[in-house]
Amino acid sequence: MDAKTAYQELLERSRERAYLSSPARLAAWDLRTYIPKKGHPHRAQALAAFSRMIHQKATDPKIGELLAAVEGSTLMEDPDVAANVRAWRKDYDRTTKVPESLAAEIAEAASRGESAWAELRKKNDWEGFVPYLKRNIELKKAYAEAVGYDEEVYDALLEDYEEGLRTRELVPLFEALKAPAIQLVREIQAAPKKPPVEILHRHYPKGAQEAFVLEVLPELGYDLEAGRLDETAHPFAIRIHPGDVRITTRYFEDFFNAAFFGSVHEAGHAMYEQGLPEEHWGTPLGESVSLGVHESQSRMWENLVGRSRGFWQHYFPRAKERFEALADVELSDFVFAVNEVKPSLIRVEADEVTYNLHILLRFELELALFRDELKVEDLPQAWNEKMEAYLGLRPKTYAEGVMQDVHWAGGAFGYFPTYTLGNVYAAQLFAAAERELGALEPRFAAGEFAVLLGWLRERVHRQGRRYPPKELIERATGAPPDTAFLLDYLNRKFRPLYGLT
Ligand code: ZN
């Protein structure tokens, strides 16, 4: 077969898989939002049937033949072709290298682990959880051997979430962040100034919160004609197509932050998906590139934009109109309150500064487990020691310590680092945007957000999977991923807030 025909067929097959995954994603959205309780078991099976069908198509040996026909041909001189083929090749090799029996074992262990975790965590039963964790680790090691890796087992796990990222690069990246972040947290804790967080826990009626979110998000650039906002216990963003990217949030009438910053976070994910090039839909050039880059978009809008003083110079008067609770509150007190830094045991509630220390802890433990330097049995103690060293806190129970996250229960190792990578990329992209566009906070204060979104559209969103994440960041910012930008941002923001020098 000639290369041109082969490439056409690859495009058609890729789009067909995407068309099949659209209704599956819609059904998954419904499963997490409005499905009646008794519909659950059927929906789970229907989704499993869908994913079996898509998996079959994705592993069809014909794809390997078609790829071989294009690779090495002159067609690869076309950068679009080269980018799609590189991504298809990577996906095809990874899915076909894993024996079906192993893939099934991994899926089953994950779902067993997650249900067991939910029950055992309630009972604070670490001993009961150990066998599930051991099984997941054993299977992930087998998975790593099956897909292969350059230098070490953990590389194979990272590759699933952040293409091209290697442990040997991640270790120094995180190491550079560690001491300065710990230092900043300690100084903040010792600072005499404390944020007046009480104002965030006054009465914020749900209807007013929802109306405020729906007023703000479209002004930031989240297109509600290509999306919608619903309510769920566990907020998420889900793409069906750039013309249909949905988000959810949750409301607490006695806490302002959850719905507002949660919605802005999810809208950040959604704006990335809405900004993907529609003409490449159904092919790698029309897909988001990695979890780390995805998280950089959500964290940027949530924190670097949404928690900035400039942002609230624009929105605080409008918030005051909506919420009586803010009637006697000054702008500077509000900005200080929404930027509270406070070490806590629980990652999901963590602020911008301590969050990265939570991730560091998990990364170091994961790496030790997969390097066989730490036994599962010794995990709780290692966890507690690090928690004390980094955040000055010691969990009293397993539930608020080593068993707090579902990730390991579901076998998701190599996933956590993408959260901090998201923060690292966000600060680096934002700094690059400011170098080119000038200071952004005054623009936010004037209600101008399109200037930042436009820059992100061009440098990140419209690129799809054209480059691996590290190269995308380097092209967008002129430098490889570097924690210096994040540290600089954190110091410049939090030191003045807390009256530190
Ligand atoms: Zn996120």
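Just so it is clear, the structure is predicted and the values come from calculations on it, not from any experiment.

Our focus in this paragraph is the overall build of the protein chain. On a plain count of helices and strands, the protein chain comes out with 20 helices and 3 strands. Seen through its principal axes, the protein chain has C-alpha atoms that stretch 75 × 50 × 50 Å. Looking at the 501 residues of the protein chain, the share that counts as buried comes to 56%. A sequence separation of at least 24 residues applies to 73% of the contacts in the protein chain between residues at least 6 apart. Total accessible area on the protein chain is roughly 21,600 Å²; 52% of this is exposed by carbon and sulfur atoms. Each charge sign in the protein chain was given a centre, from 63 positive and 79 negative side chains, and these centres are 2 Å apart.

A few words on helix 5 (residues 100-122). An α-helix turns once every 3.6 residues. As a result, residues three or four positions apart point the same way. A rise of 1.5 Å per residue sets the reference length of helix 5, with its 23 residues, at 33 Å; its end C-alpha atoms lie 34 Å apart and thus fit the reference within 8%. Leu102, Ile106, Ala109, Ala110, Gly113, Ala116, Trp117 and Leu120 are the residues of helix 5 that are buried. For helix 5, the elements touching its buried residues are helix 6 (126-147). Positioned one or two residues after helix 5, Asn124 has a phi angle of 60 degrees, which is positive.

A separate point is the coordination of the zinc ion. For a metal bound by four donors in tetrahedral geometry, the ideal donor-metal-donor angle is 109.5 degrees, whereas six donors in octahedral geometry ideally sit at 90 or 180 degrees. Donor atoms from the polypeptide that coordinate the zinc ion comprise His265 (NE2), His269 (NE2) and Glu295 (OE), at 2.1 to 2.3 Å from the metal. Read N to C, the donor residues that coordinate the zinc ion are spaced as H-x3-H-x25-E. With His265 and His269 both in helix 10 (residues 257-274) and 4 residues apart, this pair spans about one turn of that helix. His269 gets classed as buried once you look at its relative accessible area, which sits at 11%.

This model, assessed by the stated rule, comprises 48 salt bridges. Lys62 is the salt-bridge partner of Glu9, the closest N and O atoms lying 4.0 Å from each other. You can see Glu9 sitting in helix 1 (residues 3-32) and its partner Lys62 sitting in helix 3 (residues 61-70), a full 53 residues away along the chain. Between Glu388 and Arg394 there is a salt bridge; the shortest N-O distance is 2.6 Å. Sharing partners across several salt bridges, the network here consists of Glu9, Arg13, Asp60 and Lys62.

The next thing to look at is the sheet that holds strand 3 (residues 244-249). Strand order in the open sheet formed by 3 strands is 1-3-2, and the pairing between neighbours is mixed. With one partner strand each, in any of the chains shown, strand 1 (229-231) and strand 2 (237-241) form the two edges of the open sheet. Strand after strand, the sheet turns through a mean of 25 degrees between neighbouring axes, direction not considered. Across 4 bridges, the pairing between strand 2 and strand 3 is antiparallel.

Once that is clear, we can look at the environment of Glu145. Note on placement: Glu145 falls in helix 6. With 112 residues separating them in the primary sequence, Glu145 and Thr33 have C-alpha atoms 38 Å apart.

Let us now look at the environment of Glu219. Take Glu219: it is sitting in helix 9 (residues 206-220). Given a relative accessible area of 34%, Glu219 falls into the partly exposed group. Counting along the chain gives 230 residues from Glu219 to Phe449, while the straight-line C-alpha distance between them is 7.3 Å. If we skip the residues at most four places from it in the chain, Glu219 touches His314, Tyr315, Arg318 and Phe449.

With that settled, the discussion passes to the nonpolar core. As a rule of thumb, nonpolar side chains are buried together in soluble globular proteins. In this structure, Phe256, Phe260, Trp301, Trp312, Phe334 and Leu452 are the most contacted members of the largest nonpolar core, which totals 137 residues. With 12 residues, helix 14 (residues 352-370) is the largest single contributor of residues to this core. Beyond its immediate sequence surroundings of up to four residues, Leu452 is in contact with Met300, Trp301, Val305, Phe430, Ala433, Leu440 and Phe444. If you look at the next biggest cluster of nonpolar residues, it comprises 12 residues, including Leu11, Leu66, Val70 and Val85.

Overall, the coordinates contain 40 aromatic pairs when judged by the stated rule. When the ring centre of Tyr143 is taken as origin, the NZ or CZ atom of Lys140, which lies over that ring, is 5.0 Å away. One cation-aromatic arrangement involves Lys193 over Phe336; the distance from NZ or CZ to the ring centre is 5.2 Å.

Before going further, it helps to spend a moment on helix 13 (residues 331-338). Most of helix 13 is tucked away: 6 of the 8 residues are buried. Considered for burial, the residues of helix 13 that qualify are Leu331, Phe334, Val335, Phe336, Ala337 and Val338. The secondary structure elements touched by the buried residues of helix 13 are helix 10, helix 12 (309-322) and helix 20 (484-497).

The rules we used
- Residues numbered from 1 in each chain as written.
- Predicted model: local features only at pLDDT ≥ 70, side-chain atom pairs only at ≥ 80, totals over all residues.
- Heavy atoms only, no water.
- Helix = DSSP H or I, 4+ residues; strand = E, 2+ residues; numbered from the N terminus.
- Buried < 20%, exposed > 50% of the residue type's maximum accessible area, 1.4 Å probe, protein only.
- Contact = heavy atoms within 4.5 Å.
- Areas by Shrake-Rupley, 256 points an atom, 1.4 Å probe, with all protein chains shown as cover.
- Lys, Arg positive; Asp, Glu negative; His and termini not counted.
- Charge placed at Lys NZ, Arg CZ, Asp CG, Glu CD.
- Expected span 1.5 Å × (residues − 1).
- Donors = N, O, S within 2.8 Å, 3.2 Å for Na, K, Ca; no water.
- Salt bridge = Lys/Arg side-chain N within 4 Å of Asp/Glu carboxyl O.
- Pairing = 2+ DSSP bridges.
- Axes fitted to C-alpha atoms, helices over the stretch in contact; angles between N-to-C directions.
- Core = buried A, V, L, I, M, F, W, Y, C linked by side-chain atoms within 4.5 Å.
- Phe/Tyr/Trp six-rings, centres within 6.5 Å; stacked < 30°, edge-to-face > 60°.
- Lys NZ or Arg CZ within 6 Å of the ring centre and 35° of its normal.

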